[in-house]
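Summary of structural features
These are the residues of each chain, in order.
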Amino acid sequence: MTTVQLNNVDHHDMRVITRHAAEFGDAINQVLVFPTEFEDIQREYPIFFTPDANGDLQAVALLGLDRDENLFLDDTGWQARYVPAAQQRGPFVIGMAESGGDPMIHVDPEHPRIGRGMGEGMPLFLPHGGNAPYLEHISGVLRTIYTGLDLIRPMFDAFGDAGLIEPVAVQVQLSDTEQYDLPDYSTISGERLGALDGAALERLHRAGFLYAAFLVVASTANVNRLIERKLARSAAG
């Protein structure tokens, strides 16, 4: 991906297609999520931890059971009240300004969501150069991601120090002959979290991650919603 700094001169007529579809990279069975969006994520998706390419833990929302399966995606779009920030951001990233100084929004002009002129998509700029509402929304999405990136390592350090992280066997039995075993996931132990003494709870709270721990535990109930979606899709053929 090659990006350039977004500006209202070179990109005055740029539009972004906001609908969700496989052609835009939405046919995935898990997506990276950030502590800054855990509250929204846990209402819809199960949150698990899995190693990244370097072996460090990262948080993901589980979207499907098969490879490239997003059970929240259908022909009409993404069927959930909240779409994870990593899938909302589309062609945008935060990068350093060309002249130095504060980080700025950059865009990939060749991204499949990008359009020009009066075609499909939401405008980024108003006719006289100000930011359009969609660009303000994207600014918020990028803040969610990049603030969240700074919190990931401290969060896992805090969870680890409290002894809360444990491997979990994600086993889904759809029928007598169809079962899914999803390896390499871990989660927050609800039992250990409930057994923390006052001092440990205070440390986790002061670090800012006590609420996040409870959100992760609560989110695992959404595995049942995944099963319901999988069964409904299988029944529909």
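Description of the structure in this document.

1. Some points on the sheet that holds strand S11 (residues 122-123)
- Overall, antiparallel pairing links the 3 strands, which are arranged S10-S2-S11 in an open sheet. The open sheet terminates on both sides in strands that have one partner only, identified here as strand S10 (114-116) and S11.
- Where strand S2 (residues 14-16) and S11 come together, 2 bridges link them in antiparallel fashion. The residue of S11 that forms the bridge with Val 16 is Met 122.

2. Describing the packing of aromatic side chains
- For the structure on display, the rule yields 6 aromatic pairs.
- Pairing Phe 156 with Phe 159 gives two aromatic rings, centres 6.4 Å apart and planes at 85°, and the pair type is edge-to-face. Remark: Phe 159 and Phe 156 occur in helix H3 (residues 133-161); sequence separation between them is 3 residues, near one turn of the helix.
- The buried category is assigned to Phe 156, whose relative accessible area is 7%.
- With centroids separated by 6.5 Å and ring planes inclined at 75°, the aromatic side chains of Phe 159 and Phe 209 adopt a geometry described as edge-to-face. You can see Phe 159 sitting in helix H3 and its partner Phe 209 sitting in the loop between helix H5 (198-207) and helix H6 (210-219), a full 50 residues away along the chain. Across the pair, Phe 209 and Phe 159 agree in class, each one buried.

Cut-off values and rules
Think of each chain on its own: its residues are numbered from 1, step by step along the sequence as written. Selection of residues for local features in this predicted model requires a pLDDT of at least 70, selection of side-chain atom pairs for listing and counting requires 80 or more, and totals for whole chains, interfaces and linings are taken over all residues. Side-chain metrics in this entry use all non-hydrogen atoms of the structure; hydrogen atoms and water are not considered. Strands were regarded as paired on the criterion that DSSP finds at least two bridges between them. Counting from the N terminus, the helices are the DSSP runs of H or I reaching at least four residues and the strands are the DSSP runs of E reaching at least two. Here a pair means two rings of Phe, Tyr or Trp (six-membered ring of Trp) with centres within 6.5 Å. Their orientation is stacked below 30 degrees between planes, edge-to-face above 60, and tilted elsewhere. Partly exposed describes any residue whose relative accessible area lies between the buried limit of under 20% and the exposed limit of over 50%, with all areas from a 1.4 Å probe on protein chains only and scaled to the type maximum.

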